[in-house]
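Residue strings, one per chain:
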Amino acid sequence: MEKLVALCKRRGFIYPGSEIYGGLGGTWDYGPMGVELKKNIKDLWWREIVELRDDMVGIDAAIMMNPKAWEASGHVEAFTDPLVECKVCHLRFRSDKPDEIKQHIESHKGVKVDWTEPQQFNLLVKAYLGVLEGKQSELYLRGEITNGVHVNFKNIVNSMRVKIPFGVAQIGKAFRNEITPGNFVFRSREFEQMETQFYIKPDEAEGKKWFEYWKKNRIGWYLSLGLPKDKLRFHDHEPEKRAHYARMATDIEYLTPWGWDEMMGIHHRGDWDLSRHQQYSGKPMIYNDPETGDAFIPWDIETSAGIDRSLLFFLMDAYREEEKRIVLKLHPKLVPVKVAVFPLLANKPDLIIKAKEIYRNLKINIDGLVQWDDRGNIGKRYLAQDEVGTPYCVTVDFQTLEDDTVTIRDRDTTKQERIKVLGLLEYLQGKLS
Ligand code: GAP
């Protein structure tokens, strides 16, 4: 993990938040490579979940909401973790995380540690809105991105021609006052989620069917992007472990260096959210089925994935130390840089003109980032590109000027082949798709 954190900083994936001021616990900034990787994850997700389906629409709801929405959703009352304080050093921990408690006791090296009684600590982050001091209203930054979808249920039904079963997809930031942020971006206080709320008929058999459907669908997506089968598993939650809104809940877990841990959740939320919003807002959340004439409050099967966690696990899985290099063997659809173009030498105008021409053509036509690099020698450029996972490096050399061919170097095999410039774009597009 330390090596990955160092690579992420060195190569512009992730930096500590507000670093020059000593940081801000539980916040991270994504650098130029990190934003590309994150964008690719989000774009692939949106493409599959929204654009390629007929039963899903998108939304981008406000982060700041009327605070009543958080009372209705149960978060003001029940979005809590059990907090204990070490009476020796006054650091606070989650009492439901035995490994973290054990680690802390060990850090006191034999000094007896006493703990306060566990108290429920609310994770919602408070904010204040309004220009007049004293008249500002207190609100919450959203603790999950879900609420903005449910409060718009009727708007979506009325404005779009959607029919149950249908889903609403959203990507956006969420904020939690985590007691112990840690493990890099695994648990932070500001993070990003990608979620679907899939509305179905209120029926036990339908609920089970769609819950199973979304479990398979989501694990399939991670497998298709290269995470290995033996490092992914489902973890069903017992009733006492479920969030306050969930009738059924399963996590997709990844085998991390610290053991199996949660990557995303699939939740059967029943009619919890819509019923509560109906109750608290006084506005009906009834769906009128145009085919059967039935009127009901739908049930919701949710898929909720942390983007930062997905990104971290993709990086962890891709990280390899080989004899002479560190390489990120990321899936080509995820990589921040799709292709790098090198002129063999930076001080030969003929080479530069030809390489720039090839570079511009690839830059315009390849879907994703294409990078130019003319610093140092070719070997160093390969090593730098390996560390960000660039699958193909194209080198323009003196032979290019004679026969219009270039070399393409493959990240995984490190082998080079010569191909005609004429077919270069199609070749790369084929490899990257
Ligand atoms: N809407 C349901 C929901 O938010 P959750 O299990 O609390 O459910 C869903 O969160 C996902 O969001 C988690 O599986 C994880 O990937 C991500 N997540 C939650 N808390 C996080 C945190 N503090 N830092 C990074 N990611 C987090």
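Presented here is a report on the structure given in the accompanying data block. (Residues numbered from 1 in each chain as written. Predicted model: local features only at pLDDT ≥ 70, side-chain atom pairs only at ≥ 80, totals over all residues. Heavy atoms only, no water.)

Here we look at the nonpolar core
- Judged by nonpolar contacts, the single largest core of 53 residues is most densely connected at Phe13, Ile41, Met194 and Tyr222.
- Other than its neighbours up to four places away in sequence, methionine 194 contacts Ile41, Trp45, Ile145, Gln170, Ile171, Trp221, Tyr222, Thr303, Ser304, Ala305, Ile307 and Ser310.
- Membership of the second largest hydrophobic core comes to 22 residues, among which are Val396, Ile408, Val421 and Leu425. (Core = buried A, V, L, I, M, F, W, Y, C linked by side-chain atoms within 4.5 Å. Buried < 20%, exposed > 50% of the residue type's maximum accessible area, 1.4 Å probe, protein only. Contact = heavy atoms within 4.5 Å.)

Regarding the environment of aspartate 404
- With respect to the helices and strands, the residue aspartate 404 is situated in the loop between α13 (398–403) and β22 (405–410).
- According to the relative accessible area criterion, aspartate 404 is partly exposed, its value standing at 30%.
- Taking the C-alpha atoms as reference, aspartate 404 lies 46 Å from glycine 172; in sequence the two are 232 residues apart.
- In this view, aspartate 404 contacts Lys354, Gln399, Ile419, Lys420 and Val421; residues no more than four positions away in its chain are not counted. (Helix = DSSP H or I, 4+ residues; strand = E, 2+ residues; numbered from the N terminus.)

Regarding the site of the ligand
- Near the ligand lie 22 residues; those nearest to it are Glu144, Ser188, Glu195, Glu262 and Met263.
- Protein coverage of the free-state accessible area of the ligand, which is 560 Å², stands at 94%.
- Elements that contribute at least two residues to the shell around the ligand include exactly β10 (190–200), β13 (259–270) and β16 (299–306).
- A total of six residues in the shell around the ligand trace back to one element, the largest contributor, which is β13.
- In terms of residue class, the shell around the ligand is made up of six nonpolar, seven polar and nine charged. (Near = heavy atom within 4 Å. Areas by Shrake-Rupley, 256 points an atom, 1.4 Å probe, with all protein chains shown as cover. Nonpolar A, V, L, I, M, F, W, Y, C, P; charged D, E, K, R; others polar.)

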